[in-house]
Amino acid sequence: MRHAVAALARRLSAAAVVLGLALPTIAPAFEIEAEQRFGPAGAGARIEVLSTTDIAIFAPVIEGFLRRNPALGVHYVVASSQEIYQAIATEGAAFDLVISSAMDLQMKLANDGLARALPPDQIAGAGAGASLPDWAHWRDLVFAVAQEPVVLLLSPQALAGGLAAPRSRRDLIALLRDHPERFRGRIGSYDPVISGAGYLFAVQDARMSDSFWRLAEVMGRLDLKLYCCSGDMIADIRAGRLLLAYNVLGSYALAGRDAGAEGAPAVIELEDFTLTLLRTALVPQSAPDPTAGVQLLGFLLSPEGQRLIGEAAGLPPIDAEAFAAHPHLRPIRLDPGLLAHLDRMTRARFLGEWQAAMDQP
Amino acid sequence: MTARRAPSLRRRLVVQLLALAAVLAVLLFAAVRFSAERASEATLDAILGAATIAMAEEIRSAEGGAVIDLSPGTFSMLAAMGDERIFYRVNLGAATLTGYDDLPLPEAVPAALAPMFYSTPYRDTQVRIAAVSRSLRIDNRPATLLVLVGQTRAGQSAIAQGLANRAAAVGLVVFLLAVPLSLLAADNLLRPIARLAAAVGRRGPHDLRPVRAATPAELVPLVVALNSFIARLRGTLAQTETFIAEAAHHIRTPLAVMRTEAEMALHHSGDEATRARLRRLIRAVDDSARSAGQLLDHATVLYRADQQTPAEVELGALALALIERFRPTAEMKDMRLTLVPAAVALWVHGDAVLIEAALRNLIDNAIKYSPAETEVTLTLAAQAGQAVIRCRDHGRGVAGARLEALTSRFQRGPNVGDVAGSGLGLTIVSEAMAAMGGDFALDAAEGEGTCATLSLPLRAA
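Starting afresh in each chain, residues are numbered from 1 along the sequence in its written order. The order in which chains are written sets their letters, starting at A; the order in which ligands are written sets their numbers, starting at 1. Local features in this predicted model are restricted to residues whose pLDDT is 70 or higher, and side-chain atom pairs enter the listing and the counts only when it is 80 or higher, whereas totals over whole chains, interfaces and linings include all residues.

**Considering the overall build of chain A**
Next, step 1: Only runs of H or I of at least four residues qualify as helices and only runs of E of at least two qualify as strands under DSSP, and these elements are numbered from the N terminus. Scanning chain A from terminus to terminus reveals 15 helices and 12 strands.
Next, step 2: Taken over 361 residues, chain A has a buried fraction of 47%.
Next, step 3: Pairs at least 24 apart in sequence give 82% of the contacts found in chain A among residues at least 6 apart. We call a residue exposed when 12 or fewer other C-beta atoms sit within 10 Å of its C-beta, buried when the count reaches 20 or more, and partly exposed for counts in between; the C-beta positions come from the backbone. Residue pairs qualify as contacts under a 7 Å threshold applied to their C-beta atoms, which are placed from the backbone.

**Considerations on the overall build of chain B**
Next, step 1: Looking only at helices and strands, chain B has nine helices and 14 strands in total.
Next, step 2: A buried classification covers 25% of the 461 residues belonging to chain B.
Next, step 3: For chain B, the proportion of contacts with a sequence separation of at least 24, taken over those separated by at least 6, is 66%.

**Notes on the sheet that holds strand S12 (residues 386-392) of chain B**
Residues and elements named next belong to chain B.
Next, step 1: Reading across the sheet, the five strands line up as S9-S11-S12-S14-S13 and stay open at both edges, with mixed pairing between neighbours. Unpaired on one side and paired on the other, strand S9 (336-340) and strand S13 (439-444) mark the two borders of the sheet. Going from strand to strand, the sheet's axes swing by 15° on average, the running direction of each strand aside.
Next, step 2: Where S13 lies against strand S14 (residues 450-457), six bridges are found, and the strand directions are antiparallel. Of the residues in S14, the one forming a bridge with Ala-444 is Thr-450. DSSP bridges decide pairing: two strands pair if at least two such bridges lie between them. Only the stretch in contact is used when fitting a helix axis, every axis being a line fitted to C-alpha atoms; angles between N-to-C directions are given from 0 to 180 degrees.

**Section: helix H9 (residues 211-221) of chain A**
Residues and elements named next belong to chain A.
Next, step 1: When H9 is considered as a whole, its buried residues turn out to be Phe-212, Leu-215, Ala-216, Val-218 and Met-219. Buried residues in H9, looked at end-on, bunch into an arc of 165°, giving them a common side.
Next, step 2: On the buried face of H9, the contacting elements are helix H6 (169-178), strand S7 (187-190), helix H8 (196-208) and helix H15 (344-358).
Next, step 3: Once H9 finishes, Asp-223 follows within two positions and takes phi at roughly 55°, a positive value. As used here, the arc belongs to the directions running from the helix axis to the C-beta atoms.

**Some thoughts on the confidence of the model for chain A**
Residues and elements named next belong to chain A.
Next, step 1: Each residue carries a pLDDT value, the predictor's own confidence for that position, ranging from 0 to 100. With 85% of its residues at a pLDDT of at least 70, chain A reaches an overall mean of 85.
Next, step 2: Looking at the elements of chain A, mean pLDDT is at its lowest for helix H1 (residues 2-19), recorded as 48, and at its highest for strand S4 (residues 97-100), recorded as 95.
Next, step 3: Here residues 125-129 is a poorly scored stretch, pLDDT under 50, and it has 13 contacts once near neighbours within four places are set aside; other chains count.

**Here's the deal with the interface of chain A and chain B**
Next, step 1: At the interface, 19 residues of chain A touch 19 residues of chain B.
Next, step 2: Per-element accounting of the side of chain A that touches chain B gives the leading share, four residues, to H15(A).
Next, step 3: Among the residues making up the side of chain A that touches chain B, the classes are represented as six nonpolar, five polar and eight charged. Any residue that is not Ala, Val, Leu, Ile, Met, Phe, Trp, Tyr, Cys, Pro, Asp, Glu, Lys or Arg is counted as polar, Gly included; the first ten are nonpolar and the last four charged.

**Remarks on unusual backbone geometry**
Next, step 1: Between Val340(B) and Pro341(B) the backbone carries a cis peptide bond, its omega angle lying at -15°.
Next, step 2: At Arg139(A), a position not held by glycine, the phi torsion is positive, near 50°.
Next, step 3: Note that Arg139(A) resides in the loop between strand S5 (137-138) and strand S6 (142-154).
Next, step 4: Judged by local crowding, Arg139(A) falls into the partly exposed class, with 19 C-beta atoms found within 10 Å.

**Focus: the nonpolar core**
Next, step 1: Counting 132 residues, the largest nonpolar core has Val49(A), Leu97(A), Leu153(A), Leu244(A), Leu297(A) and Val149(B) as the members making the most contacts within it.
Next, step 2: The dominant element in this core, judged by the number of residues it contributes, is S6(A), at 10 residues.
Next, step 3: If we ignore the near neighbours within four places in the chain, the residues touching Leu297(A) are Leu97(A), Leu118(A), Phe143(A), Ala281(A) and Val283(A).
Next, step 4: The term nonpolar core refers to a group of buried residues, namely Ala, Val, Leu, Ile, Met, Phe, Trp, Tyr and Cys, whose C-beta atoms join them within 7 Å. Membership of the second largest hydrophobic core comes to 41 residues, among which are Ala292(B), Ala299(B), Ala330(B) and Ile389(B).

**Quick look at the confidence of the model for chain B**
Next, step 1: On average, chain B scores 85 in pLDDT, and the residues at 70 or more come to 97%.
Next, step 2: Listed scores for the predicted complex are pTM 0.67 and ipTM 0.84.

**Brief notes about the environment of Ile57(A)**
Residues and elements named next belong to chain A.
Next, step 1: With respect to the helices and strands, the residue Ile-57 is situated in helix H2 (residues 55-68).
Next, step 2: Take Ile-57: there are 18 C-beta atoms within 10 Å of it, and that puts it in the partly exposed class.
Next, step 3: Once the C-alpha coordinates of Ile-57 and Ala-313 are considered, the two residues, 256 residues apart in sequence, prove to be 4.9 Å apart.

**So, the sheet that holds strand S5 (residues 116-122) of chain B**
Residues and elements named next belong to chain B.
Next, step 1: Overall, antiparallel pairing links the five strands, which are arranged S4-S3-S7-S6-S5 in an open sheet. Edge strands, defined here as strands with exactly one partner in the open sheet, are strand S4 (95-99) and S5. The average undirected angle you get between the axes of adjacent strands in this sheet is 30°.
Next, step 2: Judged from the four bridges that link them, strand S3 (residues 86-92) and S4 form a sheet pairing that is antiparallel. Looking at the pairing, Val-90 lines up with Thr-98 of S4.
Next, step 3: Packed on one face of the sheet, helix H1 (residues 9-58) meets S5, strand S6 (125-138) and strand S7 (141-151) and runs near 145° to S7.

**Focus on the packing of H6(A) against H9(A)**
Residue and element names in this part refer to chain A.
Next, step 1: It is the contact of H6 with H9, at a shortest axis distance of 10 Å, that shows an interaxial angle of 20°. Here H9 runs roughly parallel to H6, going by the angle between their axes. Crossing hand, H6 versus H9: left-handed. Contacts between H6 and H9 involve Arg-169, Arg-170, Leu-172, Ile-173, Leu-176 and Arg-177 on the former and, on the latter, Ser-211, Arg-214, Leu-215, Val-218 and Met-219.
Next, step 2: Of the residues assigned to the contact of H6 with H9, the class counts are six nonpolar, one polar and four charged. Angular relationships are summarised with four words: roughly parallel below 35 degrees, roughly antiparallel beyond 145, roughly perpendicular across 65 to 115, and oblique for the angles in between. By definition, turning the near helix anticlockwise from the far helix through less than a right angle yields a left-handed crossing, and turning it clockwise yields a right-handed one.

**A short note on the pairing of S6(B)**
Residues and elements named next belong to chain B.
Next, step 1: For S5 and S6, the ladder comprises seven bridges, and the chain directions are antiparallel. Looking at the pairing, Met-116 lines up with Ala-131 of S6.
Next, step 2: Between the antiparallel neighbours S5 and S6 lie two residues, among them Arg-123 with a positive phi of about 50°.
Next, step 3: In terms of strand pairing, S6 meets S7 through 11 bridges, oriented antiparallel. Opposite Arg-137, over in S7, you have Pro-142 as the bridge partner.

Shown next, in the form of structure tokens:
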């Protein structure tokens, strides 16, 4: 127990530093993971894009946009969602478009007045304004460009011996309880303490169903391995180090399967509910060239942009019919409700419970 | 002479009604807008207050401080109307536990669990804040917990604006409806006045009966005054005519005496010069008597025209009797007097006394202005619902004088200098016909002489 409290304190302080809430005034320049320039070297205007999405995934969409606008260039910068939030909220970093999978942080940027209202005719002019479902945008500030299910990954060896694939969290709990030797130390999930997406998925899971906490306890007892990113989890499954990964972003999982190797994992959408994340974009108030940001966002929402996002980038495009056709898909609501779990005391309480579930005796 | 024109009653009424409608429409708009804003603000305040109280109540004390577990549902609900932005702040004593540490605090600490509302600018927008306080025991010491929840009110403004727009539309419709309604009301209100004006305007020049049309109370003084005016006029006219009739009557009697005396003197006188004088005197007395008779006739015609007591009259017998009466006079000038057809029954609607007076004057004129040994023909006929009486002579004609001139009182034609006359004969004919709704025309006859035409409505079949 003493050990658990110490570990919790350590992790919480780490989280506070990352969020920049404890020491906002001495925040250093944010950490860039990768960047790339698209378009001609002497492009007249260069659109600054800050995104959580890997360059390799998003490059075809950017190239499609530049084919339409050959005079423009795009500077695409990849950073983690919390770095992005910090860059916009506290550093006023100069970006024309911010694309992030952290809906809650995007929501907070918009709620706190840091996002720019988009002219309705420009969005409508791009051909998507009228058809954009209500759940896919908040006001004229935040717009969803892709909707991604949060899935369970299962290595082929996980079901060796003719076990049935789990269809719900209840099945999953039963599977883990019945075969602790097989799964001990070989299951993975996001670490909600350091991963914004992981925290978002965990709180949404906890809101949806009580079975989340039972699952957390079961996984904690089986020495759940915690990851920062989906890519690492997929890599460990392919390498055979993991049998099962819970709450993985579908697009990454699918991209991994498309590589089509021997140990490619099975992608399972649990039928009791499968959270669906909206990858959202906004034009910050600090944008040096907001018109360019709006132009690129308009392209992403346009039928052509949506087609590229779906086919070339492998991210599921916005589909108004998806939730009616697949009742197990639950969109994470894009509204100020997301702010509640960003509250630092609420977060501390939730992570305390999570830690208690992980540190089983 | 025209009366000075005051602004039309109808226009004044319509303009005032429309002005009233416009004022009402604007009042309606303002009232709806005001109450819509009040109502929506009260509703949203109630929700915000309840949410804030719930949030404050869910905060627990624990070892080392307070435990806060914010509910996403609360924020979602508060943001639902019009995609509002949400800000919150939780203070324990003077320290901010969590939330937006620059959210403005209330001016005073609100009473326990009773939300205090205030609006304030915050960041780039305007927010409505509910502040709720409660006490919490932390480490065995009471501390004051203050929870602020603020929301933007874009949805409320949008609803109030929408309601106001609808109210404006309703106001406009009310005003547009008021246009035809006020026109209708003005027409309705003015109808009795129009009816009265028409009743007075329809009257003939000699109709001096009092106005008896149905009159609204407001117009009664006007009608009473008008009727008293008419009565006075009538009295004056009656007095005048009575006076003339009395005067004529009183003149006629001494004239008759005078004529008898002159005839007796003529009978007894042997001096030729004296006899010639006496004959001239007798003729002058005759003329005077005739004038007096015509004055009496005229007064009678005016009086009876005023009384309007129409009956059914048979023209044939009346005409025949008149011709018999005039035959001696005609024979003195060797003139023939004929009625065509000799016997006919022609019933008309009129006043026998007036018809007789008119015919008598026509025949008298025909004999008077015709040379000896000529013929005067009286023709009776029915034509298109009218009885037509023509009196044709072979006299000197009217020498192109206009009928209006000849029928004016005491006006005579330009070619009658040598014949005695009062200038009342044709006046009597014309006024008698007008009084009975008949017609009088005087034309030069073919060849020589004059053809006078009277027409009267036939008795209804």
